[in-house]
Amino acid sequence: MRRRARRIRRAVVGLAVALFAATFLVVYVQLASGHDPALVANAAKRRAASPSVTSTEASAAESSTATSTRSEASTGSEESSSGASAVTTSQS
Amino acid sequence: MSGAEIIEDFDCFGSRCSAVISGAGEVGSAQDAVAFVKRKLLGWHTRFSRFMADSELSRLNRDPREIVPVSPLMARFAQAVREAGSLSGGLVDATLVREIETAGYDGDLRDSLALASALALAPARRPASAAPARRWQQLEVDRAAGMLVRPAGLQLDSGGLAKGLFADVLGDALATHPSFAINCAGDLLVGGVARTMRPIRVQSPFDGRTLHTFELARTGVATSGIGRRSWLDRGGAPAHHLLDPASGRPAFTGIVQATALAPSALEAEIRAKAAVLSGPHSAPGWLTHGGVIVFDDGSHRVIGPAPVVTLAELARHTRPRPGSAQTIARAAGPAAA
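The following paragraphs examine the structure supplied in this document.

Cut-off values and rules
- Residues numbered from 1 in each chain as written.
- Chains lettered and ligands numbered in written order.
- Predicted model: local features only at pLDDT ≥ 70, side-chain atom pairs only at ≥ 80, totals over all residues.
- Helix = DSSP H or I, 4+ residues; strand = E, 2+ residues; numbered from the N terminus.
- Contact = placed C-beta atoms within 7 Å.
- Buried ≥ 20, exposed ≤ 12 C-beta atoms within 10 Å, placed from the backbone.
- Core = buried A, V, L, I, M, F, W, Y, C linked by C-beta atoms within 7 Å.
- Expected span 1.5 Å × (residues − 1).
- Arc of directions from axis to C-beta.
- Pairing = 2+ DSSP bridges.
- Axes fitted to C-alpha atoms, helices over the stretch in contact; angles between N-to-C directions.
- Left-handed = near helix turned anticlockwise from the far one by under 90°.
- Nonpolar A, V, L, I, M, F, W, Y, C, P; charged D, E, K, R; others polar.
- Parallel < 35°, antiparallel > 145°, perpendicular 65-115°, else oblique.

On to the overall build of chain B. In terms of regular secondary structure, chain B is built from eight helices and 19 strands. Sequence-distant contacts, at least 24 apart, represent 64% of the contacts inside chain B between residues at least 6 apart.

A count of helical and extended segments in chain A gives three helices and two strands. Of the regular secondary structure in chain A, the N- to C-terminal order runs α-α-α-β-β. The proportion of buried residues among the 92 residues of chain A is 17%.

Here we come to the nonpolar core. Within soluble globular proteins, side chains that are nonpolar tend to cluster in buried spots. All names here are of chain B. Residues I21, V81, I182, L188, A260 and A275 are the most contacted members of the largest nonpolar core, which totals 94 residues. A per-element tally of this core places helix α7 (residues 265-286) first, with eleven residues. In this view, I21 contacts I6, A30, A33, V34, L174, H177 and F180; residues no more than four positions away in its chain are not counted.

For the rest of this paragraph, the subject is helix α1 (residues 30-48) of chain B. All names here are of chain B. End to end, α1 covers 27 Å across 19 residues, agreeing with the expected 27 Å (1.5 Å per residue, within 8%). Burial in α1 covers these residues: A30, A33, V34, V37, L41, W44, H45 and F48. Angularly, the buried residues of α1 cover 110° about the axis, an arc narrow enough to put them on a single face. When the buried face of α1 is taken as reference, the exposed residues oriented beyond 90 degrees from it are R39, G43 and T46.

Next up on the list: the pairing of strand β2 (residues 15-22) of chain B. All names here are of chain B. The buried count for β2 comes to seven of eight residues, which makes it a mostly enclosed element. A loop of two residues connects strand β1 (residues 5-12) with β2, the two strands running antiparallel in sequence, and F13 in this loop sits at a positive phi of about 55°. Alignment of β2 against strand β6 (residues 179-184), held across six bridges, turns out to be antiparallel. If you follow C17 over to β6, its bridge partner there is C184.

All names here are of chain B. It is at 10 Å that the axes of helix α3 (residues 72-87) and helix α6 (residues 159-173) come closest, and there the two elements cross at 120°. Taken as a pair, α3 and α6 cross one another with a handedness that is right-handed. For the pair formed by α3 and α6, the contact residues are R76, F77, A80, V81 and A84 on the first element and L161, A162 and L165 on the second. Here the residues of the contact of α3 with α6 sort into seven nonpolar, no polar and one charged.

Residues and elements named next belong to chain B. Two numbers describe how α6 lies on α7: the axes approach to 7 Å, and their chain directions differ by 155°. By the angle between their axes, α6 is roughly antiparallel relative to α7. From α6, G160, L161, K163, G164, L165, A167 and D168 reach across to α7, where they touch A265, L266, A268, E269 and K273. In the contact of α6 with α7, the residues fall into six nonpolar, two polar and four charged.

This next bit is on the sheet that holds strand β4 (residues 140-142) of chain B. Residue and element names in this part refer to chain B. Strand order across the open sheet formed by three strands is β3-β5-β4, with antiparallel pairing between neighbours. Edge strands, defined here as strands with exactly one partner in the open sheet, are β3 (67-69) and β4. Within this sheet the neighbouring strands show an average axis-to-axis angle of 20°, counted without direction. Relative to strand β5 (residues 147-149), β3 runs antiparallel, the two being bridged by three bridges. Looking at β5, one finds that I67 is bridged to V149. Each of β4 and β5 is contacted by α3, which is oriented at about 145° to β4, the strand it contacts most.

What follows concerns the sheet that holds strand β2 (residues 87-89) of chain A. One open sheet holds the three strands; their spatial order is β2(A)-β8(B)-β9(B), and the pairing between them is mixed. At either end of the open sheet lies a strand with only one pairing partner, and these are β2 of chain A together with β9 (210-216) of chain B. Between one strand axis and the next, the sheet turns through 30° on average, direction left out of account.

Written as structure tokens, this is what we have:
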């Protein structure tokens, strides 16, 4: 009787540990791979709020020199949600 | 954002450069700062051009002495050449001047061969490798004394390394401004004390569309590839400016463009070049801080920077804690900070 109780206790503890380890592993892998569901929702909101991406190269290439403030936006620079103009990297 | 953002866009290094600066700092107002950037870059162009006979670089390359006095910036550039060779295991070799001239790049290129045509005519793809001679190891730089020691005849090509270095030097000068972005013909440095997040777009070498947009507050970025400066050599074979150091010939590796993020623009330049030269299999290994690889078939792969989570964001999802604005990186990677 006592042996049976011990066996059942062990099985319950083992199952609980295995279940905890599996859950922990799933959450760990999810977060470590950069896919935190809470942050994904935030990023989606930020993307929705920022303006669409457009190329500025054509307008920039028309003149050899262009100076502007952001409000004039004569280079066609795109602003992010933070207010900073976008910059483009391409082969030189 | 602190104050109006001033944008200056101008021709330099046979390409386009730009400065985007907001707010006042050590250099003065944002307007003063963009003027400073433009003046510096145009001045450095005349000193570091391989195509101007009286530039400091051309005079250094012609100098028959083994020990040559150089300006502080030239000494830094020579040191960058050594660092590039060392970091890339010899893949990024800025001593291949004779080889690049033999391949046909001995002046400003006006008419470039279309990328699709170059790829159609290109030989079988294979990764580049280091030159056995590793000439860059023969460079010795004494920055304190302003002296460069190298075997007579060893020449330096300013290429992309100088542009990355210039962006970093300007970034140091602009460090106290709230927000800035310096674009030295494709090599960028983004920063500023305000840590403003800035969109950084990566352009396709095939059609100019935006392949990916990173949004970062402080980082170096560089794009290297074979799309823009390609030509037909004397034998009618397609050529470009990224040489396989082992063969001294233009490298066709299966990658047409790589963009690298890194803590500095110079390191980004080295990583981008090494990624293109190492071929599709090894390229991702060079983009440890993130980047974009564009393959011959037009497809591309984005390698994200280390993800960043602010304490404020964390607090929103756990318990609100006032005054927690410090940024932490979830994984190592200063480029993403």
